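# Breakdown of the fold
Here's the letter readout for the chains.
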Amino acid sequence: MAVVGKGHVSSDQPDIHCPELVCTANFAAGSQVTLRATPDAGWEFAGWGGACTGTTACVVTMTQARSVTATFVLAEVEARVVGHRIVYTDTNRRQLRVTVDADEDVRVVMQIRRGGVTLQQRTARIFGPDVRVLRMNILQDIRAGTATLRVTFTNDAGAKETSTRTLRIPQPRPLG
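Residues numbered from 1 in each chain as written. Predicted model: local features only at pLDDT ≥ 70, side-chain atom pairs only at ≥ 80, totals over all residues. Heavy atoms only, no water.

### Some details on the pattern of salt bridges
- This model, assessed by the stated rule, comprises 4 salt bridges.
- For D101, the salt bridge identified is with R80, shortest N-O distance 3.7 Å. You can see D101 sitting in strand β9 (residues 94-102) and its partner R80 sitting in strand β8 (residues 79-88), a full 21 residues away along the chain.
- We classify R80 as partly exposed; its relative accessible area is 32%.
- A salt bridge links D130 to R132, with the shortest nitrogen-to-oxygen separation between them at 3.0 Å.
- Residue R132 is classed as partly exposed on the basis of its relative accessible area of 27%. (Salt bridge = Lys/Arg side-chain N within 4 Å of Asp/Glu carboxyl O. Helix = DSSP H or I, 4+ residues; strand = E, 2+ residues; numbered from the N terminus. Buried < 20%, exposed > 50% of the residue type's maximum accessible area, 1.4 Å probe, protein only.)

### A short note on the side chain of S11
- Of note, S11 is situated in strand β2 (residues 7-11).
- Side chain to side chain, S11 and D12 meet in a polar contact 3.2 Å long.
- Side-chain polar atoms of S11 contact the backbone oxygen of T34, separated by 3.1 Å. (Polar contact = N/O pair within 3.5 Å; in protein donor to acceptor, adjacent residues only side chain to side chain.)

### Here's the deal with the state of the cysteines
- Per the stated rule, a full pass over the model turns up 1 disulfide.
- Between C52 and C58 runs a disulfide, and the two sulfur atoms are separated by 1.7 Å. Between C52 and C58 the disulfide shows an S-S torsion of about 60°. By sign, it is right-handed. The residues C52 and C58 share a single accessibility class, namely buried. (Disulfide = S-S within 2.5 Å.)

### Examining the pairing of strand β4 (residues 32-39)
- Here β2 pairs with β4 via 5 bridges, running antiparallel. Bridge pairing in β4 links S10 to R36.
- Bridge analysis of β4 against strand β6 (residues 58-61) gives 4 bridges, and the strand direction is antiparallel. Bridged to L35 within β6 is C58. (Pairing = 2+ DSSP bridges.)

### Concerning unusual backbone geometry
- In this structure, N92 takes a positive phi of about 65° despite not being glycine.
- Tracing the chain through its elements places N92 in the loop between β8 and β9.

### Concerning the sheet that holds strand β1 (residues 2-4)
- Taken in spatial order, the 3 strands of this open sheet run β1-β7-β5, and their pairing is mixed. What marks the edges here is a single partner per strand, and that holds for β1 and β5 (43-50). Averaged over all neighbouring strand pairs, the angle between strand axes comes to 20°, with direction disregarded. (Axes fitted to C-alpha atoms, helices over the stretch in contact; angles between N-to-C directions.)

### Digging into a negative patch on the surface
- On the surface, E44, E76, E78 and E161 cluster together to form a negatively charged patch.
- Tracing the sequence through the fold places E44 in strand β5.
- E44 gets classed as partly exposed once you look at its relative accessible area, which sits at 42%. (Patch = residues over 30% accessible without salt bridge, like charges linked within 9 Å, V, L, I, M, F, W, Y side chains within 5 Å. Areas by Shrake-Rupley, 256 points an atom, 1.4 Å probe, with all protein chains shown as cover. Lys, Arg positive; Asp, Glu negative; His and termini not counted. Charge placed at Lys NZ, Arg CZ, Asp CG, Glu CD.)

### Some points on the nonpolar core
- Within the largest apolar cluster, 24 residues are counted, with the highest numbers of intra-cluster contacts made by L96, V98, V106, V108, I112, V151 and F153.
- Those residues in contact with I112, other than ones at most four positions away along the chain, are L96, V117, T118, L119, Q120, M136, I138, A147, T148, L167 and I169. (Core = buried A, V, L, I, M, F, W, Y, C linked by side-chain atoms within 4.5 Å. Contact = heavy atoms within 4.5 Å.)

### Some remarks on the side chain of Q120
- For Q120, the location among the structural elements is in strand β11 (residues 117-126).
- There is a polar contact of 2.6 Å between the side chain of Q120 and the backbone oxygen of N137.
- Discounting residues that sit within four places of it in the chain, Q120 has contacts with M110, Q111, I112, M136, N137, I138, L139 and I142.

### What to know about the sheet that holds strand β13 (residues 145-155)
- Strand order in the open sheet formed by 4 strands is β11-β10-β13-β14, and the pairing between neighbours is antiparallel. The sheet is open, and its two edges are formed by β11 and β14 (160-169), each paired on a single side. Neighbour-to-neighbour, the strand axes of the sheet open up by a mean angle of 20°, direction not taken into account.
- In the sheet, β13 pairs with β14 via 10 bridges, with the strands oriented antiparallel. Note on β14: the bridge partner recorded for T146 is R168.

Functional significance is not addressed by these values, which are geometric in nature.
As structure tokens, this is what we get:
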């Protein structure tokens with residue numbers, strides 16, 4: 001039995017539990033062994049290889065030595081940008097507000113970019129399923145015009161999802 005990625009394999013037989021990369025077990029000839037794959041958080045079970053195929057439970061009849069591989073892959077990040085806008089605050093600062101919908105814990109990096117250069121960046125953490133508005137005061141020295149908002153979500157397993165949007169940055173107002 002081999003495990004690729006992050007997850008573990010268990011069995012209806014007491015002699016096998018496979019949280020490691022490779023494990024072995026001995027069974028009586030003719031016995032049937034049922035294997036089940038469970039992904040770690042942020043991972044998905046992609047399927048069996050070797051003596052089993054598919055993604056449901058693997059049933060192996062021990063007529064000879066058998067080799068089975070369980071493959072786990074990073075799950076897609078369950079988070080997305082659902083809107084953004086720039087407003088003036090009560091102190092006349094320009095504030096970027098990005099509405100995000102996350103179905104899992106994620107790290108969020110918001111960047112204002114122009115010409116391939118990051119002008120400003122903010123990092124936040126979202127815990128659990130939620131719709132949130134993330135705020136970032138735009139620096140006074142960032143001039144008005146078109147820029148790119150790049151939002152990168154990273155889940156606890158390290159999978160990343162990036163969304164880009166066009167920003168129309170207004171003129172700064174005098175602070176006062």
